Amino acid sequence: MRRASLDGHVMPYDDEREGVTVSLKPSATIRYTAMRLGIFVGCFFAVWGLVRLGWVPAGLGDANLAWVALLALVLSAPLSFVLLRSQRDEMSEQIAGRVAGAKEKLAANRSQEDAVDDAARVTS
């Protein structure tokens, strides 16, 4: 995918200079977390409105804010579970890819260490 710069030149979205890839696509984990926080904030204000209208109990004494936050948390958890399924799957795929890459690097490092160790044993 390409984009045009201010001077009219076409530039790639992914910058691959010197073997470094910089993607402009936001992390799936950040996107999922932001969406989850948004659902919580929406539930918080909805519960706060219902408490102000008197449709939901206001809590005990000065614990009104804690009551609203707790109720919003209880409501937002199942909503997030249902509404953010695709984002959660995308995030898990991204994390699984990173773990697989880390395992490959670890295996490559182990094989290099084994080769160096074997070479040292042969020469001594």
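Below you will find a few notes about this structure. Every residue gets a number counted from 1 within its own chain, in the order that chain's sequence is written. Under the rules for a predicted model, residues below a pLDDT of 70 receive no local features and side-chain atom pairs below 80 are neither given nor counted, while totals for whole chains, interfaces and linings still include all residues. Hydrogens and water are ignored here; the side-chain numbers use all heavy atoms of the structure.

### Structural notes on the overall build of the protein
Okay, step 1: Within the protein, the regular secondary structure consists of 3 helices and 2 strands.
Okay, step 2: Runs of H or I in DSSP of at least four residues are treated as helices and runs of E of at least two as strands, each being numbered from the N terminus. Of the regular secondary structure in the protein, the N- to C-terminal order runs β-β-α-α-α.
Okay, step 3: For the protein, the residues scored as buried account for 15% of the 124 residues in total.
Okay, step 4: Contacts are assigned to residue pairs with any non-hydrogen atoms lying within 4.5 Å of each other. Restricting to contacts in the protein with at least 6 residues of sequence separation, those with at least 24 account for 48%.
Okay, step 5: Throughout, the Shrake-Rupley method with a 1.4 Å probe supplies accessible areas, and for residues the shown protein chains are the sole cover considered. Working note: accessible area of the protein is about 9800 Å², and carbon and sulfur atoms make up 65% of it. The buried label goes to any residue with under 20% of its type's maximum accessible area, the exposed label to any with over 50%, and the partly exposed label to all in between, with areas taken from a 1.4 Å probe on protein chains only.

### Observations concerning the pattern of salt bridges
Okay, step 1: Any Lys or Arg side-chain nitrogen found within 4 Å of a carboxyl oxygen on Asp or Glu counts as a salt bridge. All told, the structure shown has 1 salt bridge when counted by the stated rule.
Okay, step 2: Between Arg31 and Glu90 there is a salt bridge, and its shortest N-O distance comes to 2.3 Å. With Arg31 in helix α1 (residues 28–53) and Glu90 in helix α3 (residues 85–123), this pair connects stretches of sequence that are 59 residues apart.
Okay, step 3: Taking relative accessible area as the criterion, Arg31 reaches 25% and is therefore assigned partly exposed.

### A few points about a nonpolar patch on the surface
Okay, step 1: Taken together, the side chains of Leu37, Val41, Phe45 and Trp48 define a hydrophobic patch exposed on the protein surface, amounting to about 400 Å² of accessible area.
Okay, step 2: Given a relative accessible area of 51%, Phe45 falls into the exposed group. A residue counts toward a patch only above 30% relative accessible area and without a salt bridge, and it is joined to like-charged neighbours within 9 Å or, for Val, Leu, Ile, Met, Phe, Trp and Tyr, to nonpolar neighbours within 5 Å.

### Observations regarding the packing of aromatic side chains
Two measures describe an aromatic ring pair: the distance that separates the ring centres and the angle between the ring planes.
Okay, step 1: Paired rings are identified among Phe, Tyr and Trp, the last through its six-membered ring, by centres lying within 6.5 Å, and are further divided according to the angle between planes into stacked (under 30 degrees), edge-to-face (over 60) and tilted (the rest). Summed over the entire model, instances satisfying the criterion amount to 2 aromatic pairs.
Okay, step 2: When the centroid spacing of 6.3 Å and the interplanar angle of 40 degrees are considered together, the rings of Phe40 and Phe44 count as tilted. Pair noted here: Phe40 and Phe44 are both in helix α1, with a separation of 4 residues, about one helical turn.
Okay, step 3: With centroids separated by 5.7 Å and ring planes inclined at 85 degrees, the aromatic side chains of Phe44 and Phe45 adopt a geometry described as edge-to-face.
Okay, step 4: A connected cluster of aromatic rings, assembled from ring pairs, spans Phe40, Phe44 and Phe45.
Okay, step 5: Lying across the ring of Phe81, Arg85 places its NZ or CZ 5.5 Å from the centre. Two conditions define a charge sitting above a ring: the NZ of Lys or the CZ of Arg must be within 6 Å of the ring centre, and it must be within 35 degrees of the ring normal.

### Digging into the side chain of Gln87
Okay, step 1: Following the sequence through the fold, Gln87 ends up in helix α3.
Okay, step 2: Beyond its immediate chain neighbours, meaning those up to four positions away, Gln87 contacts Tyr32 and Met35.

### Considerations on the environment of Thr29
Okay, step 1: With respect to the helices, strands and loops of the structure, Thr29 is situated in helix α1.
Okay, step 2: Owing to a relative accessible area of 27%, Thr29 belongs among the partly exposed residues under this scheme.
Okay, step 3: Setting aside its immediate chain neighbours within four residues, Thr29 contacts Met91, Gln94 and Ile95.

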